[in-house]
Amino acid sequence: MDRTQLLLVGLPLFLFISDLFNLFTPPPQKPTSDHHHHHHHQPPSVIQQQQAQTLDFPTQKTGGIGAVGIGNTVSIDFCSSCSFRGTAVTMKNMLENQFPGVHVVLANYPPPLPKRLLSKVVPVFQFGVIGLVMGGEQIFPRLGFAVPPPWFYHLRANRFGTMATTWLLGNFFQSMLQSSGAFEVYCNGELVFSKLKENRFPGEIELKDLVGRRIANPRVVDELGASSWS
């Protein structure tokens, strides 16, 4: 083979091997809600120290609603194969600025199980077609065919075009199957916005208000409970 043929064969094989490493990577685990429970019941001495530090350093960043974010967790589950990471990072930075102390977690939102299973079949099909085109004369006799079928010779007539087309189409379908189109926002384990339901992304002001109301509600309930016992 000349250099062009080696490039056409080697590039799909290299991409296929790299996809195999990323194919079976497990999705990140969703954070538990123990984090905000652990910090929600801080002793009075710690709260007084935090207030004293805020008074001693007036230049400390206290944007949004001050330290209302401490002890709260916001999870943004998005479709990583849909190029939503940039939007998720922007929302993460906005929430951290508006609610200092809030714990914002970014995670991939996987597609449904049938789509995930089909996406794992696509690389097998790609590898099978490429192997069949490269060594069909030895494969068909082992399968019980004395003479390869006519369609094999049509594929073999333009082997490099067939392999490149198989690889590109396979990657396209695999990307579609791995896409969930999700951008789901959870605050302390409760869903506050769903792109799957709304068919749109949240605005920054809209998401700030949704998270702010969800963070403020438990505090209002705690204050009412404390006043009823006093």
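Up top is the structure.
Throughout what follows, the structure given in this document is the object of discussion. Predicted model only: the values in this text are computed from it and were never measured.

On to the overall build of the protein. Broken down by element type, the protein carries nine helices and four strands. Listing every helix and strand of the protein by position from the N terminus yields α-α-α-β-α-β-α-α-α-β-β-α-α. The buried share among the 230 residues of the protein stands at 31%. Relative to all contacts within the protein whose residues are 6 or more apart in sequence, the contacts with residues 24 or more apart total 72%. Total accessible area computed for the protein in this model is approximately 14700 Å², and 63% of it derives from carbon and sulfur atoms.

Quick look at the packing of aromatic side chains now. Applying the stated criterion across every chain, the model contains seven aromatic pairs. Summarising the aromatic geometry, the rings of Phe140 and Phe152 are spaced 5.4 Å apart at their centres and angled 70° between planes, so their arrangement reads as edge-to-face. Here Phe140, found in helix H5 (residues 113-142), pairs with Phe152, found in helix H6 (residues 150-157); they are twelve residues apart in sequence, far enough to count as distant. Summarising the aromatic geometry, the rings of Phe172 and Phe173 are spaced 5.6 Å apart at their centres and angled 70° between planes, so their arrangement reads as edge-to-face. Classification of Phe172 by relative accessible area gives partly exposed; the value is 48%. Aromatic ring contacts, followed pair by pair, group Phe140, Phe145, Trp151, Phe152 and Tyr153 into a single cluster. Note that Lys195 overlies the ring of Phe201, its terminal NZ or CZ placed 5.3 Å from the centroid.

Before going further, it helps to spend a moment on the state of the cysteines. The full count for this structure, using the stated rule, is one disulfide. In this model, Cys79 is linked to Cys82 through a disulfide, with the two sulfur atoms separated by 2.2 Å. Across the disulfide from Cys79 to Cys82, rotation about the S-S bond amounts to roughly 65°, and the bridge is consequently right-handed. Here Cys79 matches Cys82 in class, with each residue buried.

Attention shifts here to the packing of H5 against H6. At a minimum axis distance of 10 Å, the contact between H5 and H6 shows a crossing angle of 145°. The interaxial crossing formed by H5 with H6 has left-handed handedness. Where H5 abuts H6, its residues Leu132, Val133, Met134, Gly136, Glu137 and Phe140 lie against Trp151, Phe152, Leu155 and Arg156. Residues belonging to the contact of H5 with H6 are distributed by class as follows: seven nonpolar, one polar and two charged.

Turning to the environment of Arg200, a few remarks are in order. Locating Arg200 in the fold gives a position in the loop between helix H8 (195-198) and helix H9 (204-229). The spatial distance from the C-alpha of Arg200 to the C-alpha of Ala182 is 9.6 Å, given a sequence separation of 18 residues. Side chain to side chain, Arg200 and Glu206 meet in a polar contact 2.9 Å long.

So, about the sheet that holds strand E1 (residues 73-78). For sheets, the rule is that strands pair by backbone hydrogen bonds, running either parallel or antiparallel. One open sheet holds the four strands; their spatial order is E2-E1-E3-E4, and the pairing between them is mixed. One side of each edge strand has no neighbouring strand; the edge strands of this open sheet are strand E2 (103-108) and strand E4 (190-194). Going across the sheet, the axis of each strand differs from the next one's by a mean of 20°, ignoring polarity. As paired strands, strand E3 (residues 183-187) and E4 are joined by four bridges and run antiparallel to one another. Within E4, the residue paired with Cys187 across the bridge is Glu190.

Attention shifts here to the pattern of salt bridges. In total, this model carries four salt bridges according to the counting rule given. The partner of Glu96 in a salt bridge is Lys92, with the nearest N and O atoms 2.7 Å apart. Here Lys92 and Glu96 lie together in helix H4 (residues 85-98), a separation of four residues that amounts to about one turn. Two residues, Glu137 and Arg156, come together in a salt bridge whose shortest N-O distance is 2.4 Å. A residue pair is termed long-range when its members are at least 10 positions apart, and Glu137 in helix H5 and Arg156 in helix H6 qualify at 19 residues. Classification of Arg156 by relative accessible area gives buried; the value is 18%.

With that settled, the discussion passes to the nonpolar core. Grouped together as the largest cluster of nonpolar side chains are 22 residues, with contacts concentrated most on Val74, Ile76, Leu95, Phe183, Val185, Leu207 and Val211. At the level of secondary structure, the elements contributing two or more residues to this core comprise E1, H4, E3, E4 and H9. The contacts of Phe183, once residues within four sequence positions are left out, are Ile76, Asp77, Phe78, Phe84, Thr87, Ala88, Met91, Phe193, Ser194, Lys195, Phe201 and Pro202. Counting six residues, the second-largest nonpolar core is a separate cluster that includes Val129, Ile130, Phe160 and Met163.

The rules behind each value
Residues numbered from 1 in each chain as written. Predicted model: local features only at pLDDT ≥ 70, side-chain atom pairs only at ≥ 80, totals over all residues. Heavy atoms only, no water. Helix = DSSP H or I, 4+ residues; strand = E, 2+ residues; numbered from the N terminus. Buried < 20%, exposed > 50% of the residue type's maximum accessible area, 1.4 Å probe, protein only. Contact = heavy atoms within 4.5 Å. Areas by Shrake-Rupley, 256 points an atom, 1.4 Å probe, with all protein chains shown as cover. Phe/Tyr/Trp six-rings, centres within 6.5 Å; stacked < 30°, edge-to-face > 60°. Lys NZ or Arg CZ within 6 Å of the ring centre and 35° of its normal. Disulfide = S-S within 2.5 Å. Axes fitted to C-alpha atoms, helices over the stretch in contact; angles between N-to-C directions. Left-handed = near helix turned anticlockwise from the far one by under 90°. Nonpolar A, V, L, I, M, F, W, Y, C, P; charged D, E, K, R; others polar. Polar contact = N/O pair within 3.5 Å; in protein donor to acceptor, adjacent residues only side chain to side chain. Pairing = 2+ DSSP bridges. Salt bridge = Lys/Arg side-chain N within 4 Å of Asp/Glu carboxyl O. Core = buried A, V, L, I, M, F, W, Y, C linked by side-chain atoms within 4.5 Å.

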